[in-house]
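# Inside the fold
Read off the chains here:
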Amino acid sequence: MVRGPLRGGRPMRGGIRPPFKKAFVPRHPFDITLAEVVFPRVSPAVDDSALTAALLKRNQDLSPTPAEQTAIGNLVTKVQAVLDNLVVAPGDFNTCQLEEVRQVGSFKKGTILTGNNVADVVVILKTLPTKEACEALAKKVETDLKNSMKTEVLTKDEQHTIQIHDRGFDVSNLQAKVRILISTLPQNIRKLEPEIHLDHKLMQSHLAAIRHTRWFEENAHHSSIKVLIRILKDLTKRFEPFSPLSAWMLDLIAHLAIMNNPSRQALPINLAFRRVFQLLSAGLFLPGSAGITDPTEPGHIRVHTAMSLEQQDVCCYTAQTLLRVLAHGGYKHILGMEGNTSIVREMSVWNGVVVSPLKPVYEKPPDKKEGDLEEDIEMIENEIEDVGSDDAAE
């Protein structure tokens, strides 16, 4: 409290005011699907039968073959049986105690790509995940697998090997791979020590993978969502600007594009495919955008804040370029059925219309280091959380 008038000014009532902090209000990007009532169509709908057929054909090409599904399914079944047995009846194995075994990832969700025969299994330990415990568990799984397959006649392709890494270990043969991702109970995370135990951030990411898979099974089980996710995964592999988009981001944007509409019914795959580029072009994953809130995390965490500011900008202007290509019939180049990815770097012509690739807008400040940019992103996140805390309470 200030007593008396301030020097050179009028007396202040109630003391000195704290510095004014501008409230950060996230914006929602323009979405023609949600705004169709306000902006009614004045021309007949475009015949998208060719695009729909191309999307379904591309999905078929990207889906694993029956032989691949059988190979990875057989390996997952064998590994899961061994791990489940260690949960129920560990016997003389006391190096670590298993609490739960859960399948996660693309194989469990049904969005796996052909040629990527990898399944993920999270093993939650009751005990602390030491590096020695991880190695001992890998050896135990290898031994039990060999014992369970003694009576089987294995080909060279079916003989498995074990490889230990910082996330856990892999059980693989020449046809498929099962990644065993080690984690521990949530209350044990704070007890982890870097020199002794596995990285606590990896442990948290493995627990998050379980939440992601559970949410997906409950909310994103529609077949069109899985088709769109598979196509988007292929895009992130072929177009470098989309590579920062994680599998979880793709799951959420595919669910948003198909299910978040006034009718609450699944959109046709061709409209949902166009809508993904429309949303990214409108700035869905840009600073200041409401983006997509992670439905599995407390608070108001936007999933795209995991990307740097430069990555967000590149993702946006690349989507804008591809949206113009798509509008003029270049869907085969986008899907990878014709041409190559140079359409996002070089000028192209579609039915007499010239599409020039857009340029970056974001410029890294010359007087700031990489660490300072991370602080800026964290500041935006904190402001978002402050504003969104009331929404979360509701």
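Thresholds applied
- Residues numbered from 1 in each chain as written.
- Predicted model: local features only at pLDDT ≥ 70, side-chain atom pairs only at ≥ 80, totals over all residues.
- Heavy atoms only, no water.
- Pairing = 2+ DSSP bridges.
- Helix = DSSP H or I, 4+ residues; strand = E, 2+ residues; numbered from the N terminus.
- Axes fitted to C-alpha atoms, helices over the stretch in contact; angles between N-to-C directions.
- Contact = heavy atoms within 4.5 Å.
- Expected span 1.5 Å × (residues − 1).
- pLDDT = per-residue confidence, 0-100.
- Salt bridge = Lys/Arg side-chain N within 4 Å of Asp/Glu carboxyl O.
- Buried < 20%, exposed > 50% of the residue type's maximum accessible area, 1.4 Å probe, protein only.
- Disulfide = S-S within 2.5 Å.
- Phe/Tyr/Trp six-rings, centres within 6.5 Å; stacked < 30°, edge-to-face > 60°.
- Lys NZ or Arg CZ within 6 Å of the ring centre and 35° of its normal.

## Quick notes on the sheet that holds strand 3 (residues 161-165)
- Across the sheet, 5 strands lie side by side as 1-2-5-4-3; this open sheet has mixed pairing. The open sheet has two edge strands with one neighbour each: strand 1 (98-104) and strand 3. The average undirected angle you get between the axes of adjacent strands in this sheet is 20°.
- Bridge count between strand 3 and strand 4 (residues 168-172): 5 bridges; the pairing is antiparallel. Each residue of the ladder has a partner; that of I162, found in strand 4, is V171.
- The strands that helix 2 (residues 66-88) touches are strand 1, strand 2 (118-125), strand 4 and strand 5 (177-184); relative to strand 1, the one it contacts most, it runs at about 165°.
- Where helix 5 (residues 200-219) meets the sheet, its contacts fall on strand 1, strand 2 and strand 5, and the angle it forms with strand 5 comes to roughly 110°.

## Quick look at unusual backbone geometry
- Backbone geometry at R264 places phi at a positive 60°, although glycine is not the residue there.
- Residue placement: R264 occurs in the loop between helix 7 (247-259) and helix 8 (269-281).
- Of note in the backbone geometry, N351 takes a positive phi value of approximately 50° without being a glycine.
- Secondary-structure assignment places N351 in the loop between strand 6 (348-350) and strand 7 (353-355).

## Side note on helix 1 (residues 49-62)
- Along its 14 residues, helix 1 runs 20 Å from first to last C-alpha, staying within 8% of the 20 Å computed at 1.5 Å per residue.
- Buried residues along helix 1 sit in contact with helix 6 (223-238), helix 8 and helix 10 (331-335).

## Remarks on the confidence of the model for the protein chain
- Looking at the protein chain as a whole, the pLDDT averages 87, with 87% of positions reaching at least 70.
- Segment residues 378-394: pLDDT under 50, and 15 contacts once partners within four positions in sequence are set aside and those in other chains are kept.

## Quick notes on the pattern of salt bridges
- Summed over all chains, the structure comprises 15 salt bridges.
- With a closest N to O distance of 2.5 Å, R275 and D31 form a salt bridge. Here R275, found in helix 8, pairs with D31, found in the segment before helix 1; they are 244 residues apart in sequence, far enough to count as distant.
- When its relative accessible area of 0% is taken as the criterion, R275 is described as buried.
- With a relative accessible area of 10%, D31 lands in the buried category.
- Taking the shortest distance from any N to any O, the salt bridge between K140 and D144 comes out at 3.6 Å. Placement of the pair is K140 and D144 together in helix 4 (residues 131-148), with a separation of 4 residues, close to one helical turn.
- With relative accessibility at 16%, the residue D144 sits in the buried group.

## Structural notes on the state of the cysteines
- Under the definition given, this model contains 0 disulfides.
- Free of any disulfide, C315 has its nearest neighbouring cysteine sulfur in C316, separated by 7.3 Å.
- Overall, C316 belongs to the buried group, its relative accessible area being 8%.

## Details of the packing of aromatic side chains
- Going through the model one piece at a time under the given rule, you end up with 4 aromatic pairs.
- An angle of 85° between the planes, with centres 5.5 Å apart, marks the rings of W215 and W248 as edge-to-face. Taken together, the residues W215 in helix 5 and W248 in helix 7 connect sequence positions 33 residues apart. Across the pair, W248 and W215 agree in class, each one buried.
- Sitting over the face of the ring of F216, K109 holds its NZ or CZ atom 5.5 Å from the ring centroid.

## Describing the environment of I269
- Within the secondary structure, I269 sits in helix 8.
- Along the sequence, I269 and L55 sit 214 residues apart, while their C-alpha atoms lie 7.7 Å from each other.
- In this structure I269 touches T52, L55, S224, V227 and L228, once residues within four positions along its chain are discounted.

## Quick word on helix 6
- End to end, helix 6 covers 23 Å across 16 residues, agreeing with the expected 22 Å (1.5 Å per residue, within 8%).
- Counted residue by residue, helix 6 has 12 buried out of 16 residues, so it is predominantly covered.
- Along helix 6, the residues classified as buried are S224, I225, V227, L228, I229, R230, I231, L232, K233, D234, L235 and T236.
- Tucked inside the fold, the buried residues of helix 6 contact helix 1, helix 3 (105-109), helix 5, helix 7, helix 8 and helix 10.

## Overview of the pairing of strand 2
- The buried count for strand 2 comes to 8 of 8 residues, which makes it a mostly enclosed element.
- What you see with strand 2 is no split at all: V118, D120, V122 and I124 on one side and A119, V121, V123 and L125 on the other are buried throughout.
- Note: strand 1 against strand 2, 6 bridges, orientation antiparallel. What sits directly across from V104, in strand 2, is D120.
- Note: strand 2 against strand 5, 8 bridges, orientation parallel. The residue bridging V118 from the neighbouring strand is K177, located in strand 5.

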